[in-house]
Structure formats: C-alpha cells, structure tokens
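# Overview (structure and organization)
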Amino acid sequence: MVNRDDVEVAARRIGSYVRRTPSYEVRPGLWFKLELLQHSGSFKARGAFNRILAAREEGTLPESGVLVASGGNAGLGVAFAAAALGVPAEVFVPVTAPAPKVARLRELGARVRAHGREYAEAYAASQLRAAETGALLVHAYDQPEIVAGQGTVGLELPAADTVLVAVGGGGLVAGIAAAVGDRARVVAVEPEGAPTLHAALAAGAPVDVAVASVAGDSLGARRAGTIAFDLAVRHHVGSVLVSDAAIVEARRRLWHEHRLAVEHGAATALAGLDRLDGAGTVVVVLCGANTDPATLYAEPAHAAG
C-alpha cells in the first residue's frame, strides 16, 4: 500500500526534475491546480521520473531502457523522463491516440508502436515486447513508484476541504489520496462512458468496463488499478460521473473564461464541480494540456448534463 511517506520519498527523489506547478484562486473557495504546466504537458512525468530513478538507484534499470503502453500522456511522461535521463524509451499506443501526442513522442526520441484500438490492447502488446527486450516496464498507473510519484501533486495543493481529480486508471487520484486523504475529501470524477473506479467501488473490486467517451484518449483505461482501488477504499474517495456534454462545456469554459487550454481528461475534473454538495474550499486538479488547440474553437458549446 502506498502511503504519505512513499509520496514524500518520491518528492525528494524527483524534486530537481519536475516543476512545482502553481495553484491560483479562481474565486473565494475555488482553486485550480495547474498541473497542465508540468513537463510533457501532464502530471505523468512525476511518476515516470520516480519509477526510472528508483530502478536506477536499485541497479535494476536495464540497458534496453524503458517501455510503456499509453493512450498518450503516460507515454509522453516516460519519453520525457527517459530523454532527460539518457535512457532509451519505447511507447505502445492504440491506433486511436491523438496525432499531436504521437508526434510529440517521436520528437522526444521515443520509439512508437501503434497496436489495437484501446489502451488495454496496447498494454498487452507492450508486455510481450518487454519480455523480448528485457526493458523496464513502466505501467501507466498501477505501480507503487508511479502512484507515489503522481501523489507529489497532492503535497503542493493549497489547504482545501475537497480535491477534485479526473480518473482514468486511477494513479493520480490514488497518489493524491495517499498524500492528503487524511486531511481533505478526495473526489474522483469520471466520464459516464469510462467509469472504471466508479464501477470498481460498486463491485467491491476492479472490473472491466466499456470505454466510449470524448475523454477516452487520456481517461480510457478499461479497468481501475488495484492500487487505486485499495487507496480509494482506505481513504473513502468519493466518486461522481459526468456526461461528455458536461466535459466539453467545462473545457470550453476553461479556455474562454480563463485562457487555459486543456484536454478533455483535465476538463473532466472541473465538470464534477456541479455534482458536489457541502464541498467547502475546493481544489480542481487540471491535469493535462496535450490537446489540439484548434479544437478549442471548433468544438461547439453544450449545455452541461
């Protein structure tokens, strides 16, 4: 089980490699944590650095480098960390991965392999490849070092009663729960079309779900991580679902009202704000900016639902 001590160790390990991203008060009682300003455009660089550096410390980092499967953001985090540390990186993505993310992976020097239409298919292929090459497999969300690294976001949050976090596989919400779950209510926000943690909490264990959401490129895991489920239960993480229309509207508002260009996965957290009761002071973690800016104008406004 990952705990706050693990998160603090990760913070010391990766501190010189990642940005301490800012938070700002949007209005009294509402803060945005601008993790979209992190290296590689999302929080994923934190866990990637922690996983690779921990392996280097332990003497288990192979010459063949690292390998990850990703809808895009985890791959970008690993590719960025690997390039910074001089380590070869190979990234498996589904064929549906957004073109800007794939292009950036190549710019960072990663070898990119497209396989399957969902993250789960890319992950299965990455496991076979790791067995062939001996590369260090970096999981997108379900490894202790990954969760602890992502949890360093929680150490940087302003004091709050409630923290809203978008969920795909659950690495970020799990890490934040480990960091602040004893002093703030952590609420997982997921698309109705990708309710991985919501379904796990209802079933009493991680289960497979269908993935069909506008935020599926970054919140497209078919099953919540075991670590995320365990920490969500331990820290009584809340769970709300939001529609694609609400996600699109939240993303539009972030751009038009705040000039923050975020991907749909990041906007998902803000879309959950209207679902809260008695939230007190709220921090919304805006976790990623890997999006095509042109779509900020092309996407029509929707009524939240």
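Residues numbered from 1 in each chain as written. Predicted model: local features only at pLDDT ≥ 70, side-chain atom pairs only at ≥ 80, totals over all residues. Heavy atoms only, no water.

Attention now moves to the overall build of the protein. Secondary structure summary: the protein contains 12 helices and 10 strands in total. In summary, the protein has a C-alpha radius of gyration of 17 Å against a globular reference of 19 Å for 305 residues, a match within 12%. Across its three principal axes, the protein shows a C-alpha extent of roughly 50 × 40 × 35 Å. Carbon and sulfur atoms make up 50% of the accessible area of the protein, which amounts to about 11800 Å² in all. The averaged location of the 31 negative side-chain charges in the protein is 4 Å from the averaged location of its 28 positive side-chain charges. (Helix = DSSP H or I, 4+ residues; strand = E, 2+ residues; numbered from the N terminus. Rg over C-alpha atoms; globule rule 2.2 N^0.38 Å. Areas by Shrake-Rupley, 256 points an atom, 1.4 Å probe, with all protein chains shown as cover. Lys, Arg positive; Asp, Glu negative; His and termini not counted. Charge placed at Lys NZ, Arg CZ, Asp CG, Glu CD.)

Following the criterion strictly, the structure yields 5 aromatic pairs and no others. Seen in terms of ring centroids, Tyr 24 and Phe 32 are 5.8 Å apart; in terms of plane orientation they differ by 85°. Their pairing is edge-to-face. By relative accessible area, which is 1% here, Phe 32 ends up buried. Arranged with centres 6.0 Å apart and planes meeting at 20°, the rings of Tyr 119 and Tyr 123 form a pair that is stacked. (Phe/Tyr/Trp six-rings, centres within 6.5 Å; stacked < 30°, edge-to-face > 60°. Buried < 20%, exposed > 50% of the residue type's maximum accessible area, 1.4 Å probe, protein only.)

Ordered in space as β1-β2-β10-β7-β8-β9, the 6 strands form an open sheet in which the pairing is mixed. Sheet topology places β1 (23-27) and β9 (238-242) at the edges, where each strand pairs with a single neighbour. On average, each strand axis in the sheet is tilted by 25° relative to the strand beside it, whichever way the strands run. Two strands pair when backbone bridges link them, and strand β2 (residues 30-34) and strand β10 (residues 282-286) are joined in this way by 5 bridges, in the parallel orientation. For Lys 33, the partnering residue across the bridge sits in β10 and is Val 285. (Pairing = 2+ DSSP bridges. Axes fitted to C-alpha atoms, helices over the stretch in contact; angles between N-to-C directions.)

Moving on: the layout of surface pockets. Computed from the structure, the largest pocket encloses a volume of approximately 520 Å³. Forming the walls of the largest pocket are 37 residues, and the residues nearest its centre are Gly 216, Asp 217, Ser 218, Leu 219 and Gly 220. Broken down by element, the lining of the largest pocket gets its largest block of residues, 3 residues, from helix α7 (residues 171-180). In the lining of the largest pocket, the residues fall into 17 nonpolar, 15 polar and 5 charged. (1 Å grid on protein atoms, 1.4 Å probe; cavity = no way out; pocket = protein on both sides within 12 Å on 5 of 7 lines; lining within 4 Å. Points joined across faces, edges and corners; volume = space filled by probe spheres on them. Nonpolar A, V, L, I, M, F, W, Y, C, P; charged D, E, K, R; others polar.)

Let us look at the pattern of salt bridges. All told, the structure shown has 16 salt bridges when counted by the stated rule. For Arg 51, the salt bridge goes to Glu 145, with nearest N and O atoms at 3.7 Å. Note that Arg 51 is positioned in helix α2 (residues 44-58) and Glu 145 in helix α6 (residues 144-155), a separation of 94 residues in sequence. Here Glu 107 makes a salt bridge to Arg 104, at a shortest N to O gap of 3.1 Å. With Glu 107 and Arg 104 both in helix α4 (residues 99-107) and 3 residues apart, the pair spans about one turn of that helix. Connected through salt bridges with shared partners, the residues Lys 33, Glu 35, Arg 46 and Glu 156 form a single ionic network. (Salt bridge = Lys/Arg side-chain N within 4 Å of Asp/Glu carboxyl O.)

A separate point is unusual backbone geometry. In the Ramachandran plot, His 236 falls in the positive-phi region, its phi being about 55° despite a non-glycine side chain. Here His 236 shows up in the loop between α9 (226-234) and β9. Of note in this structure, Arg 259 is not a glycine but carries a positive phi near 55°. Looking at the secondary structure, you find Arg 259 in the loop between α10 (244-258) and α11 (264-271). By relative accessible area, Arg 259 is classed as partly exposed at 49%.

Attention now goes to the packing of helix α1 (residues 4-14) against α2. Two numbers describe how α1 lies on α2: the axes approach to 9 Å, and their chain directions differ by 85°. Classified by the interaxial angle, the pair formed by α1 and α2 is roughly perpendicular. Where α1 approaches α2, its residues Ala 10, Arg 13 and Ile 14 are matched on the opposing element by Arg 46, Phe 49, Asn 50, Leu 53, Ala 54 and Glu 57. Here the residues of the contact of α1 with α2 sort into 5 nonpolar, 1 polar and 3 charged. (Parallel < 35°, antiparallel > 145°, perpendicular 65-115°, else oblique. Contact = heavy atoms within 4.5 Å.)

A separate point is the sheet that holds strand β5 (residues 111-114). Pairing is parallel in the open sheet, where 4 strands are placed in the order β5-β4-β3-β6. Where the open sheet ends on each side, the last strands, each with one partner, are β5 and β6 (136-138). Ignoring which end each strand starts from, the neighbouring axes of this sheet average 20° apart. Both strand β3 (residues 66-69) and β6 contribute to a ladder of 3 bridges, which runs parallel. Counterpart to Leu 67 in the pairing with β6 is Leu 137.

A word on the packing of α6 against α7. Interhelical geometry of α6 versus α7 gives an angle of 60° and a closest axis separation of 7 Å. With respect to α7, the axis of α6 lies oblique. Handedness of the α6/α7 crossing: right-handed. Side by side, α6 and α7 meet where Val 147, Gln 150, Gly 151, Val 153, Gly 154 and Leu 155 of the first sit next to Gly 171, Leu 172, Ala 174, Gly 175, Ile 176, Ala 179 and Val 180 of the second. For the contact of α6 with α7, the residue count by class is 8 nonpolar, 5 polar and no charged. (Left-handed = near helix turned anticlockwise from the far one by under 90°.)

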